[in-house]
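The lines below spell out each chain.
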Amino acid sequence: MFLAALYGLITGILLCLTFGTVFFALIQTSIERGYRSGVQIALGVVASDAFFIFTAIFGTSFLPQINHFDKWVSAIGIVFLVILGIKNFFKIPSLEPKPHSDDRSRRRSHLKYFFKGVALNALNPVNFMSWAAIATYLRTKGRYDLSEMILFFGMSLIGVGGTESALAIYAHRLRRMITVKVIHYINIATGLVFIAVALKLLWDGFLK
């Protein structure tokens, strides 16, 4: 059981360091909007991963049967990432976090970044396939029983949430050493990553 927990924690940490759309969005948001907004993205990713893991362990029979479901998800993901990428190219960089007029405005902002984390993670089919592949390996090669798999994936989620929250906090601390020009370059780099992932989804899902 100890090894299942340890391997799960390591897996969660490693999955966060793949330098994909979530990684760049997390860094960008934490620098521009503060670490709390970055942590909300991390929580959204954890919620999305938890759903993927549940589906990978217990199967997909409870999901609606939609023809070409994977292609629909890929298409939505492509549009979403292209829009985010284009917005980043024209975003005006700023070193000052956007003020909130009241608690309701702050809660809306947190929900916005939470669902951004959910969307960035969920609309990339590779993320679900990764968890499904891990679940299959544990069940067949690793001979994990249900309790060991739950422990493994539970620790994986802790690893994901902890690592991404740490990235958000440390990225926010870098703000004092970053200029407006650097933020502009970060916005462009993040936009390019979004566009590149969208093109990869387009190639894998529709052109390959």
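Scroll up to find the structure.
Colleague: Tell me about the environment of Ile 13, residues and numbers included.
Modeller: With respect to the element layout, Ile 13 can be found in helix α1 (residues 2-16). It is 8.9 Å that separates the C-alpha atoms of Ile 13 and Leu 157, two residues lying 144 residues apart in sequence. With sequence-adjacent residues up to four places away left out, Ile 13 is seen in contact with Gly 159 and Thr 163.

Colleague: Could you give me a rundown of the layout of surface pockets, with the residues and numbers involved?
Modeller: The method is simple in principle: a probe with the dimensions of a water molecule rolls over the atoms, and the space it marks as empty is what remains. Empty space within the second largest pocket amounts to approximately 440 Å³. Contributions of two or more residues to the lining of the second largest pocket are made by α1, α2 (21-33), α3 (35-58), α5 (103-122), α6 (125-140), α7 (146-173) and α8 (180-207). Residues that form the lining of the second largest pocket fall into these classes: 11 nonpolar, 7 polar and 4 charged.

Colleague: Please provide a residue-by-residue account of empty space enclosed by the protein, values included.
Modeller: Across all of its chains, the model carries 1 cavity of 30 Å³ or more by this definition. Roughly 50 Å³ of internal volume is contained in the largest cavity. Lining the largest cavity, in full, are Thr 21, Gly 77, Phe 80, Leu 81, Ala 119, Leu 120, Leu 123, Asn 124 and Val 197. Of all the secondary-structure elements, those providing two or more residues to the lining of the largest cavity are α4 (69-90) and α5. Top element by residues in the lining of the largest cavity is α4. It accounts for 3 residues. Residues that form the lining of the largest cavity fall into these classes: 6 nonpolar, 3 polar and no charged.

Cut-off values and rules
Residues numbered from 1 in each chain as written. Predicted model: local features only at pLDDT ≥ 70, side-chain atom pairs only at ≥ 80, totals over all residues. Heavy atoms only, no water. Helix = DSSP H or I, 4+ residues; strand = E, 2+ residues; numbered from the N terminus. Contact = heavy atoms within 4.5 Å. 1 Å grid on protein atoms, 1.4 Å probe; cavity = no way out; pocket = protein on both sides within 12 Å on 5 of 7 lines; lining within 4 Å. Points joined across faces, edges and corners; volume = space filled by probe spheres on them. Nonpolar A, V, L, I, M, F, W, Y, C, P; charged D, E, K, R; others polar.

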